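# Breakdown of the fold
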Amino acid sequence: MERRLAAILCADVAGYSRMMGVDEAGTHAAFKAHRGAIHPIILNHAGRIVKHTGDGFLLEFANAASAIQFGVEMQCLMAERNAHLPADRNMRFRLGIHKGEVTIDDGEAFGDGINVAVNLESIATPGGVAISGRAYEEASPQLPVSLINAGSFQFRNLQEPIQAWTWEPDSDATSGMQRNAASLPPHYRTAVVGVLPFANLADGSDEYLADGLADDLIHALSLQSFFRVLSRTSTFRFRDRGVDPRLVAREIDATYLIQGTVRRSQHKIRVTAELIAPETGAQLWAGRYDRDIGDLFAMQDEITTSLYAALMPEIYRVEASVPVRSQAADPTAWDRFLRGLSHYYRPTKADYEISIALFREAIRLDPTLGIAHAYLATILMQGISFGWIKGSRELWDEAKSLALDSVRLDPRFSYTYAILAFVQAMQGAHDEGMKAARKATQLNAYDMGARGVLGLCHMVSGEHQQAIDQFSIAAQRGNSDPRYQWPALNAYSHYLLGRYEAALSWAREELFLYPNHLQALTIRAATLGQLGDHDQARDAIAALGEQYPWLTLDRHLKNIRWKNRADIDHYRDGLIKAGLI
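Calculation notes
- Residues numbered from 1 in each chain as written.
- Predicted model: local features only at pLDDT ≥ 70, side-chain atom pairs only at ≥ 80, totals over all residues.
- Heavy atoms only, no water.
- Helix = DSSP H or I, 4+ residues; strand = E, 2+ residues; numbered from the N terminus.
- Rg over C-alpha atoms; globule rule 2.2 N^0.38 Å.
- Buried < 20%, exposed > 50% of the residue type's maximum accessible area, 1.4 Å probe, protein only.
- Areas by Shrake-Rupley, 256 points an atom, 1.4 Å probe, with all protein chains shown as cover.
- Phe/Tyr/Trp six-rings, centres within 6.5 Å; stacked < 30°, edge-to-face > 60°.
- Pairing = 2+ DSSP bridges.
- Salt bridge = Lys/Arg side-chain N within 4 Å of Asp/Glu carboxyl O.
- Expected span 1.5 Å × (residues − 1).
- Contact = heavy atoms within 4.5 Å.
- Axes fitted to C-alpha atoms, helices over the stretch in contact; angles between N-to-C directions.
- Parallel < 35°, antiparallel > 145°, perpendicular 65-115°, else oblique.
- Left-handed = near helix turned anticlockwise from the far one by under 90°.
- Core = buried A, V, L, I, M, F, W, Y, C linked by side-chain atoms within 4.5 Å.
- Disulfide = S-S within 2.5 Å.
- Nonpolar A, V, L, I, M, F, W, Y, C, P; charged D, E, K, R; others polar.

Attention shifts here to the overall build of the chain. Per the secondary structure count, the chain includes 23 helices and 14 strands. Its C-alpha atoms give the chain a radius of gyration of 26 Å, near enough to 25 Å, the size a compact globule of 581 residues would have. Viewed in the frame of its principal axes, the chain has a C-alpha envelope of about 85 × 70 × 45 Å. Of all 581 residues assigned to the chain, the portion counted as buried reaches 57%. Carbon and sulfur atoms make up 49% of the accessible area of the chain, which totals about 24400 Å².

Rendered as structure tokens:
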């Protein structure tokens with residue numbers, strides 16, 4: 001049993017039972033979608049999920065200021081997500097915050113701190129926050145918003161009255177918070193993707209919805225160079241023929257088919273989609289998206305972006321696992337690239353080394369294969385991040401040369417500009433990196449990887465809040481592509497703003513996925529040093545030394561080329577306090 005003092009936030013959805021009675025499945029799906037969007041904000045403020053409830057959650061923060069700042073930012077986000085929806089489909093949370101004692105026993109949390117937060121949540125306005133006097137007194141010097149004194153409340157299950165302060169989304173207080181492939185030669189195009197017309201399961205008047213989503217997805221997928229996407233005219237002719245997908249694929253020579261359904265119920269839409277391999281009939285991926293229609297174009301863009309983010313890494317993974325397709329006696333450059341990709345998707349040091357060798361061989365066999373240049377540059381940079389390759393001027397120069405070649409060879413692919421932006425920004429060419437990152441997002445607005453690299457460019461330029469905004473957008477899409485690890489970079493931006501608890505949360509998120517990630521280990525150590533947690537900081541430095549015995553303070557910092565010298569000094573100070581020499 002453990003007792004500790006913490007800031008507790010209790011959240012629930014106003015009118016949740018009524019919404020469940022009208023549409024149980026849709027309401028539950030919408031709640032999960034909102035919760036997923038909120039999760040990065042929890043990490044940004046170093047929050048910890050204590051428990052999920054049927055219509056809400058319980059969070060723990062190190063201090064009241066973080067809890068209140070999270071609450072306001074979350075409610076601003078929810079106001080934006082609700083803005084274009086009919087009133088009866090708005091999902092409005094009520095939040096209660098208190099600073100008090102919490103007891104943890106066998107994974108369960110209880111105590112007066114939680115009881116007070118639960119009671120405060122009950123008096124909060126939907127979309128607003130109710131804060132105890134104790135939490136307000138601790139946090140008031142650090143709050144960028146004004147709170148209203150709501151008076152004293154006597155709750156039935158509490159002996160003493162509770163002084164409450166409130167914040168509502170339509171108050172002036174919000175003013176202080178931010179509201180929040182065509183370049184490959186034909187014989188390399190081994191994968192051909194066809195998007196079949198989405199089946200409209202509602203009445204005939206909604207046919208435009210189904211067609212619009214399929215059209216947008218064809219457009220989004222065509223903005224990359226890894227596979228070829230069939231045109232609308234090739235696939236939409238099968239709309240009413242009821243032909244087996246295997247026969248469709250045979251007729252249009254498709255390697256993969258994407259099919260889906262659209263169902264509408266008043267102001268709500270449900271979209272399902274699946275990726276199938278026609279040769280075997282195997283379902284490679286499936287997803288379901290429930291949205292309120294609201295602004296039709298905004299809804300279609302959101303679903304298209306989510307589909308793109310989910311489908312792209314799945315097609316990459318499947319293609320990488322396919323045996324060599326070339327009929328020639330000697331493997332082609334494309335075969336070598338795909339084989340290298342298969343090892344890239346197994347993130348171990350041995351596989352990385354094999355992957356690098358295969359990408360090099362692909363480039364040797366065909367120097368015009370732009371995507372191989374881009375991936376080789378990426379894996380060299382990641383090798384440094386993971387501590388598997390020691391950074392050197394020669395290595396950085398090679399990565400930059402590869403990135404420039406990839407842009408020259410494939411100038412319409414957002415990924416080539418994104419990796420160029422990454423290398424330039426990390427090498428200290430801050431303005432050039434920002435220009436390339438903006439070009440990547442212009443080429444493909446659906447590419448969350450490009451969005452995250454734009455965040456990196458903001459970070460190295462000292463624009464840390466803008467960086468956090470971009471990283472959060474990328475993270476909220478749930479991109480599972482291994483090319484990107486946004487938590488570690490997010491940790492740096494929070495650290496450099498002095499938000500050490502949030503930095504620690506993001507570093508732990510990265511280390512959960514990649515326990516030996518060099519950057520995550522170093523930023524965790526620096527953060528613990530700044531927090532004055534000497535025991536954990538010493539353990540963090542010991543873990544660094546065990547994994548990377550060659551690492552010293554000067555060796556680590558020599559490749560840090562951030563724009564602001566104060567940021568580098570801040571980082572150095574944390575590492576020194578942690579004990580890195």
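Moving on to the packing of aromatic side chains. Counting across every chain of the model gives 27 aromatic pairs. On the numbers, 6.2 Å between centres and 40° between planes, the contact of Tyr 308 with Tyr 446 is tilted. Separated by 138 residues along the polypeptide, Tyr 308 in helix H9 (residues 296–321) and Tyr 446 in the loop between helix H15 (430–443) and helix H16 (448–460) bring together distant segments of the chain. Judged by relative accessible area, Tyr 308 falls into the buried class, the value being 6%. Here Tyr 446 falls in the buried class, since its relative accessible area comes to 11%. Judged by centre distance (5.3 Å) and plane angle (70°), the ring pair of Tyr 492 and Tyr 571 falls under edge-to-face. Separated by 79 residues along the polypeptide, Tyr 492 in helix H18 (residues 486–496) and Tyr 571 in helix H23 (residues 565–578) bring together distant segments of the chain. Across the pair, Tyr 571 and Tyr 492 agree in class, each one buried.

Turning next to the pairing of strand S6 (residues 129–132). Side chains of S6 alternate between two faces, with Val 129 and Ile 131 and Ala 130 and Ser 132 buried alike. When strand S4 (residues 93–105) meets S6, the two strands line up parallel, connected through three bridges. Paired with Ile 97 across the two strands is Ile 131, which belongs to S6. Across four bridges, S6 lies against strand S8 (residues 162–167) in antiparallel orientation. Paired with Ala 130 across the bridge in S8 is Thr 166.

Our next topic: the pattern of salt bridges. Scanning all chains against the criterion turns up 18 salt bridges. One salt bridge in this structure joins Asp 12 and Arg 94, with 3.0 Å as the shortest N-O distance. Of this pair, Asp 12 sits in strand S1 (residues 2–13) while Arg 94 sits in strand S4; the two residues are 82 residues apart in sequence, bridging distant segments of the chain. In this structure, Glu 398 and Arg 360 form a salt bridge, with 2.4 Å as the shortest nitrogen-oxygen distance. Here Glu 398 is found in helix H13 (residues 393–409), whereas its partner Arg 360 is found in helix H11 (residues 349–365), with 38 residues between them in sequence. Accessibility expressed as a relative area gives 26% for Glu 398, which makes it partly exposed. Connected through shared salt-bridge partners, Arg 4, Arg 48 and Glu 60 make up one network.

Right, let's get into H11. Helix length check: H11 (17 residues) gives 25 Å between terminal C-alpha atoms against 24 Å at 1.5 Å per residue, within 8%. Of all the residues in H11, the buried ones are Asp 351, Tyr 352, Ser 355, Ile 356, Leu 358, Phe 359, Ala 362 and Ile 363. Residues of H11 that are buried sit in contact with helix H10 (333–344), helix H12 (370–385) and H13.

The N-to-C vectors of H16 and H18 enclose an angle of 25°; their axes lie 10 Å apart at closest approach. For the element pair H16 / H18, the angle class is roughly parallel. Crossing geometry of H16 relative to H18 is assigned as left-handed. On the side of H16, the interface is formed by Met 448, Gly 449, Gly 452, Val 453, Leu 456 and Met 459, while H18 contributes Trp 486, Leu 489, Tyr 492 and Ser 493.

Right, let's talk about unusual backbone geometry for a bit. Phi is positive for Ala 46, close to 60°, though the residue is something other than glycine. By secondary structure assignment, the location of Ala 46 is in the loop between helix H2 (24–44) and strand S2 (48–53). A relative accessible area of 12% places Ala 46 in the buried class.

This paragraph deals with the nonpolar core. Counting residues in each nonpolar core, the largest one holds 131 residues, and the members touching the most others are Phe 337, Leu 341 and Tyr 571. Setting aside its immediate chain neighbours within four residues, Leu 341 contacts Phe 226, Tyr 316, Ala 320, Phe 359 and Tyr 375.

Evaluation of the coordinates by the stated rule reveals zero disulfides. Considering cysteine sulfurs only, Cys 76 is the nearest to Cys 10, which forms no disulfide, with 20 Å between them. In this structure Cys 10 comes out as buried when scored by relative accessible area, which is 10%.

Glancing now at the packing of H13 against helix H14 (residues 414–426). Interaxial distance between H13 and H14 falls to 8 Å at its minimum, and their mutual angle equals 150°. By the angle between their directions, the pair H13 and H14 is classed as roughly antiparallel. Between H13 and H14 lies a crossing whose hand is left-handed. From H13, Trp 396, Ala 399, Lys 400, Ala 403, Leu 404, Ser 406 and Val 407 reach across to H14, where they touch Thr 416, Tyr 417, Ile 419, Leu 420, Val 423 and Met 426. Here the contact of H13 with H14 is built from residues that sort into ten nonpolar, two polar and one charged.

So, on to the side chain of Arg 291. One can find Arg 291 in strand S14 (residues 282–292). Once residues lying within four places of it in the same chain are set aside, the contact partners of Arg 291 are Ala 33, His 267, Lys 268, Ile 269, Met 299, Glu 302, Ile 303 and Ser 306.

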